[in-house]
Amino acid sequence: MSALVQGLALRKTFAGGVRAVDGVDIAIAQGETLGLVGESGCGKSTLARVLIRLIEPEAGTLTFRGQDITHLPDRAMRGLRRDMGIVFQDPFGSLNPRMTVADLLAEPMVVHGTGDRAFRRARVPDLLSMVGLLPDHADRYPHEFSGGQRQRIAIARALATQPAFLVCDEPTSALDVSIQAQVLNLLSELQQRLGLACLFVSHNLAAVRHMAPRIAVMYLGRVVEEASREHLFATPQHPYTQALLSAAAEPGGARRTRIVLKGEVPSPSDPPSGCRFRTRCPRAAPRCAAEEPVLAEVAEGQRVACHFPGPLSPPP
Amino acid sequence: MSLISVRDLSVAFGGTRVLEDVSFDIAEGEVLGVVGESGSGKSMTALAIMGLLPMGGTAAGRIDFEGRDVLALPEREMQRLRGARMAMIFQEPMASLNPVLTVGEQIAEVLRRHRGLDRRAAHAEAIALLKLVEIAAAERRVDEYPHQLSGGMRQRAMIAIALACRPRLLIADEPTTALDATVQAGILDLLRGLRRELGMAVLLITHDLGVVSDICERVVVMYAGRVAETGPAAAIFDGPAHPYTRALLAAIPRLEGPIGALPAIDGVVPAPADFPSGCRFAPRCAHARPACDAAPPPLRALPSGTAAACIRAEEIA
């Protein structure tokens, strides 16, 4: 499998020494959706932005279609950006309220010099119908739309330049349940129809399961487990993944035995030595403080960064 | 006997009725979930009970709490009730806590006002309350400011303030929505424990059916300012009778089971000015008939164990 987007040993530290992304390897193939899940402050949004260089990585290597783009000059990078799109969480904050929908959809094409004015004008209704809106929505302003419709506009905008890679950063977290389903359906239909590579970032495990055949779990700046959705949900091996799954509240589901994590997430500017999860981990042992675990394959397609990986309760 | 009994509660702003004919009861020590999407009126219901409606809002109907109609109480009496007999916590603890006062001072404020404790006693009681909500190192945390606490600890501090006078009813409006899943789980466990320990009733307002399923005994499902369905949580989840409840449950991505296109609900919740005159869900309902537009359907008890406001509930079951 050749990766469309690949990051190796990516690192990003913010002011105050916050190590948001601290040594992450990640790869997304052409046409593949990778889910990225974790709690606030784990670095998932930073990693997503680093992958399209909206945030510059400070260390590591980033490749796109096999080309090293880590230090690609701005001008050359701009040429590549038409191949990358991003949909943000808040459709109220990400659309300029003073632009009409037609202008919002045409802008990325103007920036990238796609076609002439007539071409761009002709493309607007196509983009609108692609996301389930009507051609006569083109002359309206964002405030005239509901949250779900605004997110559709944001998706159309991200797809205006026909990117190969789409980052979706919590695209449905600000939406109501009934609207969330509409937007998830739209995203997965577009992903398949257009053959997009997609990074689907969310704190919502069920939404990630729905969208992504392969899922990575982040904790405090690092990927702690990566697996197919079948493995991740049926046989999670990292104690953090297990705790996260046990905490998810499923409507009408039987109440699972909850793994209550002790203490609070440590500060990302001063993460614990060795394994970052050890301060809250029910399996922590002396080795965990001394030696940082690396992502290692424990089963086919399942990689875990833990010295003591394994199922929750050993089979009898 | 019910601790609180809400009867035909309506709330209007000018000529616009945002809430209409809402009725439910909460027994002593019971956890009732009020669930709905944005604009369903769930938060407005809570604010009406607390006598905290936004400017211009007027409530009609009856809200009997411990034998008194709180809608008819003078503001002075209401102030005595609020904080002492009923208390409320909100979604965003950082916005509800005063950033320039320590956590202890904010708890003490309630204790001194409602229970007349002196400074020293209030401080000691504040520490006891922080321990009750399971904040570690309470003796130290009591003198810290909100910004020094994590999100989960802030919500625990809010709960401590709300519990300061041992209210009989705790209204929790999206108490875990701003929190991470693992932190949310801890807060729900805490609420469950407190309710058992103190015998306090909880009105939990949420958009999250997972939270409802986790902690609530009975559920009120609201849609566009009216009650769509109500019943024991188990019956609501096992045999939802209202097409809205059914559609809502079906639209949620799950942790188990098949993966495919989600059965989404078309359209959006109407704005209060555009509420249909008949069934408010009819324009989005797959089972709607012309008769649904005639009049608002009344809540009817159904064999499944819930009561639903749908004239076709039996046919589509």
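Bear in mind the structure is a predicted one, so any value in this text is a computation, not a measurement. (Residues numbered from 1 in each chain as written. Chains lettered and ligands numbered in written order. Predicted model: local features only at pLDDT ≥ 70, side-chain atom pairs only at ≥ 80, totals over all residues. Heavy atoms only, no water.)

Concerning the interface of chain A and chain B
1) Next: Contact residues are listed per partner, giving 34 residues for chain A and 40 residues for chain B.
2) Next: With both chains or domains summed, chain A and chain B bury close to 3200 Å², and 53% of this area falls on carbon and sulfur atoms.
3) Next: Per-residue buried area on chain A facing chain B is highest for R209, P251 and R258 of chain A; these three make up 19% of the total on that side.
4) Next: Where chain A touches chain B, the interface holds 2 salt bridges.
5) Next: R258 of chain A is the salt-bridge partner of D214 of chain B, the closest N and O atoms lying 2.3 Å from each other.
6) Next: In this structure, the connection of chain A to chain B is made through 22 residue pairs in polar contact (both at pLDDT 80 or more).
7) Next: Among the elements of the structure, α6 (177-194), α7 (205-211), α8 (229-234) and α9 (239-247) of chain A are those that each provide at least two residues to the side of chain A that touches chain B.
8) Next: Examining the composition of the side of chain A that touches chain B, we find that 8 residues originate from one element, α6 of chain A, more than from any other.
9) Next: Across the side of chain A that touches chain B, the residue classes tally to 16 nonpolar, 9 polar and 9 charged. (Contact = heavy atoms within 4.5 Å. Buried area = accessible area lost by both parts, 1.4 Å probe. Salt bridge = Lys/Arg side-chain N within 4 Å of Asp/Glu carboxyl O. Polar contact = N/O pair within 3.5 Å; in protein donor to acceptor, adjacent residues only side chain to side chain. Helix = DSSP H or I, 4+ residues; strand = E, 2+ residues; numbered from the N terminus. Nonpolar A, V, L, I, M, F, W, Y, C, P; charged D, E, K, R; others polar.)

Quick word on helix α7 (residues 151-163) of chain B
All names here are of chain B.
1) Next: Here α7 contains 13 residues, and its C-alpha end-to-end distance of 18 Å stays within 8% of the 18 Å for a straight helix at 1.5 Å per residue.
2) Next: With respect to burial, α7 is a largely interior element, 12 of its 13 residues being buried.
3) Next: Regarding α7, the residues found buried are G152, M153, R154, Q155, R156, A157, M158, I159, A160, I161, A162 and L163. (Expected span 1.5 Å × (residues − 1). Buried < 20%, exposed > 50% of the residue type's maximum accessible area, 1.4 Å probe, protein only.)

Section: the domain arrangement of chain B
Residue and element names in this part refer to chain B.
1) Next: Domain boundaries in chain B define domain 1 (2-210) and domain 2 (223-253 + 264-316).
2) Next: Each of domain 1 and domain 2 was reduced to a C-alpha centroid, and the two centroids are 29 Å apart.
3) Next: Opposite the 13 residues of domain 1 that make contact, domain 2 presents 16 residues.
4) Next: Between domain 1 and domain 2 lies a buried interface of about 1200 Å² when both sides are counted; carbon and sulfur atoms form 57% of it.
5) Next: Among the residues of domain 1 in contact with domain 2, E20, E37 and L209 are the three that bury the most area, contributing 47% of the side total.
6) Next: Here domain 1 and domain 2 share 3 salt bridges between them.
7) Next: Counting the contacts that link domain 1 with domain 2 gives 5 residue pairs in polar contact (both at pLDDT 80 or more).
8) Next: A per-element tally of the side of domain 1 that touches domain 2 places strand β2 (residues 16-27) first, with 8 residues. (Domains from an automatic or database assignment.)

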